[in-house]
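Here is how the chains run, residue by residue.
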Amino acid sequence: MKENYIVSNLPAYEWQKIRNKYHIPNQGMDPVAAARVLFEVDDILRGLDLEYYLACGTVLGFYRDGGFIPWDDEIDVEILSEVFVPRLGELREKFIEHGFIARATYRGKTSKMSIFKDKVKVAFGSMYDNGFGYRCDLSQKFPSKFYKNPEKFNFNGRMFTMPGPISEYLRFYYGDWETVVKSYDTSVYLNKNRQWKK
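We now turn to the structure provided with this report. (Residues numbered from 1 in each chain as written. Predicted model: local features only at pLDDT ≥ 70, side-chain atom pairs only at ≥ 80, totals over all residues. Heavy atoms only, no water.)

**Notes on the overall build of the chain**
Short version of the rule: Here a helix means four or more residues in a row that DSSP labels H or I, a strand means two or more in a row labelled E, and each is numbered from the N terminus. Here the globule rule reads 2.2 Å times residues to the power 0.38, and the radius of gyration is calculated from C-alpha atoms. Throughout this description, buried means an accessible area under 20% of the type-specific maximum (1.4 Å probe, protein chains only), exposed means over 50%, and partly exposed covers the range between. In this analysis, two residues are considered to be in contact whenever any of their non-hydrogen atoms come within 4.5 Å of each other. For this count, His and the chain ends are skipped, Lys and Arg are scored as positive, and Asp and Glu as negative. Note on charges: their place is set at NZ of Lys, CZ of Arg, CG of Asp or CD of Glu.
Within the chain, the regular secondary structure consists of 9 helices and 9 strands. By the compact-globule yardstick of 16 Å for 198 residues, the chain fits well, its C-alpha radius of gyration being 16 Å. Its C-alpha atoms put the chain at 45 × 35 × 35 Å along the principal axes. Relative to its full complement of 198 residues, the chain shows a buried share of 52%. Contacts spanning at least 24 positions in sequence make up 60% of the contacts within the chain whose residues lie at least 6 apart. The average position of the 29 basic charges and that of the 26 acidic charges among the side chains of the chain differ by 4 Å.

Structure follows, in structure tokens:
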């Protein structure tokens, strides 16, 4: 039995003991490995005909800096809840089949999954429609218009979908997104008006 399958199915308390072997939180990713993993994820999701959005710090780095933020510790992906939740089991199995560790959290419309390969983490969030003009995950909300009017962004010769308009999305979440802030503390780098807070 392959290691990634075994680790994907460990109980949460066992996973916490060994997770740093596969990904260290608050430590920047190797940008070459991150790009390779992102392209593999894109290939898999395209093969499943599943629409997704790059999000948060990944969008910030690509749009502002042209690549991954050096201290960013994960790749952020969002999928609409009505698409993600019914296919979460299928997605998990597909990524395991491709050699990823896949750790899914089943909690209805805010279900999520993190996958790991080559010490790179890809965090999948599920964004549900709250009926009041916002798409939400467990603790954050974004105007639904960002997902209805996405933009394409070219990274290393491949087009990726981002919530749009990108600059407006970044302003909503980060405030002054053009100023570089090196911190892992969300109270330091996210928009101080907390309009993103659910």
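**Some points on the nonpolar core**
Using the following cut-off: Only buried residues count toward a nonpolar core. Its members are Ala, Val, Leu, Ile, Met, Phe, Trp, Tyr and Cys residues joined through side-chain atoms within 4.5 Å.
Residues Phe95 and Phe124 are the most contacted members of the largest nonpolar core, which totals 56 residues. The element best represented in this core is helix 3 (residues 31-47), accounting for 9 residues. Residues in contact with Phe124, not counting those within four places in the same chain, are Val41, Leu45, Val77, Ile79, Phe84, Phe95, Lys112, Met113 and Ile115. In this structure, Val7, Trp15, Ile101 and Phe116 belong to the second largest nonpolar core, which totals 5 residues.

**Notes on the packing of aromatic side chains**
We count it as follows: For Phe, Tyr and Trp, rings pair up if their centres lie within 6.5 Å, where Trp contributes its six-membered ring, and each pair is then called stacked (planes under 30 degrees apart), edge-to-face (over 60) or tilted (otherwise). The criterion is that NZ of a Lys, or CZ of an Arg, lies within 6 Å of the ring centre and within 35 degrees of the ring normal, and then a charge sits over that ring.
All told, the structure shown has 22 aromatic pairs when counted by the stated rule. A ring pair is formed by Phe146 and Phe172, whose centres lie 6.0 Å apart and whose planes are at 70 degrees; its orientation type is edge-to-face. On the criterion of sequence distance, the pair formed by Phe146 in helix 7 (residues 145-148) and Phe172 in helix 8 (residues 166-174) is long-range, its members being 26 residues apart. The exposure class of Phe146 is buried, given its relative accessible area of 1%. Taking the relative accessible area as the measure of exposure, Phe172 reaches 8% and is therefore buried. Over the ring of Tyr128 we find Lys109; its NZ or CZ atom is 4.2 Å from the centre of that ring. The ring of Tyr134 has Lys141 sitting right over it, with the charged end atom 5.4 Å from the ring centre.

**Description of the environment of Val85**
Relative to the helices and strands, Val85 is located in the loop between helix 5 (81-84) and helix 6 (88-97). In this structure the C-alpha to C-alpha distance between Val85 and Gln195, which are 110 residues apart in sequence, comes to 26 Å. In contact with Val85, other than residues within four places in its own chain, are Gly108, Lys109, Ser111 and Ser126.

**Some thoughts on the environment of Ala102**
Mapped onto the fold, Ala102 is located in strand 3 (residues 101-105). On the accessibility criterion, Ala102 (0% relative accessible area) is buried. Separated by 98 residues in sequence, Ala102 and Asn4 place their C-alpha atoms 8.0 Å apart. If we skip the residues at most four places from it in the chain, Ala102 touches Ser8, Arg92, Ile96, Met113, Ser114 and Ile115.

**Things to note about the pairing of strand 9 (residues 158-162)**
Filter applied, for reference: Strands qualify as paired when DSSP identifies two bridges or more between them.
Of all 5 residues making up strand 9, 4 are buried, and the element is well covered by its neighbours. Where strand 8 (residues 151-155) lies against strand 9, 5 bridges are found, and the strand directions are antiparallel. Counterpart to Lys152 in the pairing with strand 9 is Thr161.

On their own, these measurements won't tell you what the molecule is for.
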